[in-house]
Amino acid sequence: MNWIILLLAGLFEVSLTFCLGKTRAASGLAFYLWGSGFLASTVLSMTMLAKAVQTLPLGTAYAIWTGIGAVGTVLIGIFVFKESATPIRLFFLFTLIASLIGLKIVSY
């Protein structure tokens with residue numbers, strides 16, 4: 001169950017970076033709404049991470065949480081914010097994903 005909580009924590013990490021990206025072009029009320037989404041996502045992500053590390057190894061859980069955030073943020077950048085998707089960037093993204101899978105496999 002705590003692996004699912006950790007996955008959700010990572011997804012909220014992606015959500016907070018998405019909201020942060022949306023605040024760049026926002027103004028007025030939209031800025032505050034995206035900022036509120038950023039704060040809510042941050043609280044949820046950190047709370048779920050704290051819950052997950054009660055039973056999962058801290059180093060593994062933190063690495064996977066940040067990895068989910070990093071991979072998700074790169075994908076959001078590519079697909080939503082139209083950032084570049086060069087072959088070398090995709091290569092390193094896939095090596096990061098492989099590393100996360102490896103950490104999960106050897107975590108116990």
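Up top is the structure these notes are about.
Below, the structure is looked at part by part.

Rules and cut-offs
- Residues numbered from 1 in each chain as written.
- Predicted model: local features only at pLDDT ≥ 70, side-chain atom pairs only at ≥ 80, totals over all residues.
- Heavy atoms only, no water.
- Patch = residues over 30% accessible without salt bridge, like charges linked within 9 Å, V, L, I, M, F, W, Y side chains within 5 Å.
- Areas by Shrake-Rupley, 256 points an atom, 1.4 Å probe, with all protein chains shown as cover.
- Salt bridge = Lys/Arg side-chain N within 4 Å of Asp/Glu carboxyl O.
- Helix = DSSP H or I, 4+ residues; strand = E, 2+ residues; numbered from the N terminus.
- Buried < 20%, exposed > 50% of the residue type's maximum accessible area, 1.4 Å probe, protein only.
- Core = buried A, V, L, I, M, F, W, Y, C linked by side-chain atoms within 4.5 Å.
- Contact = heavy atoms within 4.5 Å.
- Phe/Tyr/Trp six-rings, centres within 6.5 Å; stacked < 30°, edge-to-face > 60°.
- Lys NZ or Arg CZ within 6 Å of the ring centre and 35° of its normal.

1. Digging into a nonpolar patch on the surface
Phase 1 of the analysis: The grouping of M1, I4, L7, L8 and L11 at the surface amounts to a nonpolar patch, some 510 Å² of accessible area in total.
Phase 2 of the analysis: By the secondary structure assignment, L11 is in helix α1 (residues 2-23).

2. Re the pattern of salt bridges
Phase 1 of the analysis: If you walk through the whole model with that rule in mind, you get one salt bridge.
Phase 2 of the analysis: We note a salt bridge from R89 to E83, for which the minimum N-O separation is 3.1 Å.
Phase 3 of the analysis: Its relative accessible area of 26% is what places R89 among the partly exposed residues.
Phase 4 of the analysis: Its relative accessible area of 36% is what places E83 among the partly exposed residues.

3. A short note on the nonpolar core
Phase 1 of the analysis: L6, L49, A52, L56, I64 and W65 are the most contacted members of the largest nonpolar core, which totals 13 residues.
Phase 2 of the analysis: Contributions of two or more residues to this core are made by α1, α2 (29-52), α3 (58-79) and α4 (87-105).
Phase 3 of the analysis: When residues of this core are assigned to their parent elements, the largest contribution, five residues, is made by α3.
Phase 4 of the analysis: If we ignore the near neighbours within four places in the chain, the residues touching L6 are L49, A52, L56, A61, I64, W65 and I68.

4. Points about the packing of aromatic side chains
Centre distance and the angle of the planes are the two values used to describe a pair of aromatic rings.
Phase 1 of the analysis: In total, this model carries five aromatic pairs according to the counting rule given.
Phase 2 of the analysis: Plain terms: the ring middles of F18 and W34 are 5.5 Å apart, the flat faces sit at 80° to each other, and that makes the pair edge-to-face. Within this pair, whereas F18 is found in helix α1, its partner W34 is found in helix α2, the two being separated by 16 residues in sequence.
Phase 3 of the analysis: With a relative accessible area of 23%, F18 lands in the partly exposed category.
Phase 4 of the analysis: Relative accessible area serves as the criterion here: at 28%, W34 is assigned to the partly exposed category.
Phase 5 of the analysis: Judged by centre distance (6.0 Å) and plane angle (35°), the ring pair of F18 and F81 falls under tilted. On the criterion of sequence distance, the pair formed by F18 in helix α1 and F81 in the loop between α3 and α4 is long-range, its members being 63 residues apart.
Phase 6 of the analysis: Residue classification places F81 among the partly exposed positions, given a relative accessible area of 25%.
Phase 7 of the analysis: In this structure an aromatic cluster arises from ring pairing among F18, W34 and F81.
Phase 8 of the analysis: One cation-aromatic arrangement involves K104 over W3; the distance from NZ or CZ to the ring centre is 4.5 Å.

Everything listed here is a matter of coordinates, which is why it stays silent on function.
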